[in-house]
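# Working through the structure, step by step
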Amino acid sequence: MNYRKIRHIVSSISIFVLLFGGLSWLSSCSDIDCPVTNGVRANYVVQGDTLHDTLTISAIRENRTDTILLNKQVNTTKFSLPMSYSGDSDKLRFVFKSKAGVTTIDTVTISKTNISHFESVDCPPVFFHTLTAVSAKGTRISQIEISNPNVDYDGTKEHILISFTNP
């Protein structure tokens, strides 16, 4: 083999290795630095007996269509709901439908402080929350209280304890 061919092959391999290594490094930084699989969600834990009715929860949004957050859940003992990034409170509509077809609606209001959380310039914006108060209006939610006020990436925390009455 002549010297030019060897030099050309080595040069081509070096460029390939540099490009492949550089791309691998760039993609790995995004996966490591940004917690794409973790969400900021409030965890609700049902106290007492399991809720046997069908439960649908919607976010009540001012001047916009409500958004369903939990759809037709049955035998509920715990659930997680996302929180809004802005605003000092979130309003939720709890719709209960019994096996007999009777529908009951309660409203839950969660007051909170939003805390911006910076990971990296490559990551989307994230907000953690500190729950300051929670209340319910209606007949099916008998008690609701804050257990752990700090809502962040930790999905094991029990943020809100909730008890239901059976009709």
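Please read all numbers here as calculations on a predicted model, not as lab measurements.

### A word on the sheet that holds strand β10 (residues 160-164)
Taken together, the four strands give an open sheet; going across it, the order is β4-β1-β10-β8, and neighbouring strands pair in mixed fashion. Each having just a single partner strand, β4 (78-82) and β8 (141-146) make up the two edges of the open sheet. Across the sheet, the mean angle from the axis of one strand to that of its neighbour is 25 degrees, orientation sign disregarded.

### Things to note about unusual backbone geometry
Backbone geometry at K72 places phi at a positive 50 degrees, although glycine is not the residue there. As for its placement among the helices and strands, K72 is situated in strand β3 (residues 67-73). The class of K72 is exposed, set by a relative accessible area of 61%. Notably, N75 is not glycine yet its phi reads approximately 55 degrees, a positive angle. Secondary-structure assignment places N75 in the loop between β3 and β4. On the basis of relative accessible area, N75 is assigned to the partly exposed category, the value being 47%.

Here is what the cut-offs are and how they apply
- Residues numbered from 1 in each chain as written.
- Predicted model: local features only at pLDDT ≥ 70, side-chain atom pairs only at ≥ 80, totals over all residues.
- Heavy atoms only, no water.
- Pairing = 2+ DSSP bridges.
- Helix = DSSP H or I, 4+ residues; strand = E, 2+ residues; numbered from the N terminus.
- Axes fitted to C-alpha atoms, helices over the stretch in contact; angles between N-to-C directions.
- Buried < 20%, exposed > 50% of the residue type's maximum accessible area, 1.4 Å probe, protein only.

Distances and angles like these do not, on their own, reveal function.
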